[in-house]
Amino acid sequence: MELDPATRMEMEAKFLRFHLPQMSSVTADLTHNTTDTTLEDRLAKLASE
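Remember, predicted model here, so these are calculated numbers, not experimental data.

Draft legend 1. Looking closely at the overall build of the protein chain. What the protein chain contains, in helices and strands, is 2 helices and 0 strands. In terms of overall dimensions, the protein chain has C-alpha extents of about 80 × 15 × 15 Å along its principal axes. When burial is assessed residue by residue, the protein chain has 0% of its 49 residues classed as buried. For the protein chain, the centre of its 5 positive side-chain charges and the centre of its 9 negative side-chain charges are spaced 7 Å apart.

In structure tokens, the structure reads:
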């Protein structure tokens, strides 16, 4: 059985949709609490612990 090129492409697209996961967007919300401390302040805090 021979298929015309358009039908072959349609079948290939269906085959790929069956085997490959759908692409989806991912949202990532990040929060970062920053403090304005110097390296000297951080080292002093670590030394006191």
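On we go from here.
Draft legend 2. Local environment of the pattern of salt bridges. Summed over all chains, the structure comprises 1 salt bridge. A salt bridge links Lys-14 to Glu-10; the shortest N-O distance between them is 3.4 Å. Of this pair, Lys-14 and Glu-10 both sit in helix H1 (residues 5–19), separated by 4 residues, roughly a single helical turn. A relative accessible area of 43% means that Lys-14 is categorised as partly exposed.

Parameters and conventions
Residues numbered from 1 in each chain as written. Predicted model: local features only at pLDDT ≥ 70, side-chain atom pairs only at ≥ 80, totals over all residues. Heavy atoms only, no water. Helix = DSSP H or I, 4+ residues; strand = E, 2+ residues; numbered from the N terminus. Buried < 20%, exposed > 50% of the residue type's maximum accessible area, 1.4 Å probe, protein only. Lys, Arg positive; Asp, Glu negative; His and termini not counted. Charge placed at Lys NZ, Arg CZ, Asp CG, Glu CD. Salt bridge = Lys/Arg side-chain N within 4 Å of Asp/Glu carboxyl O.

From the geometry alone we can't say anything about function, so treat these as descriptive.
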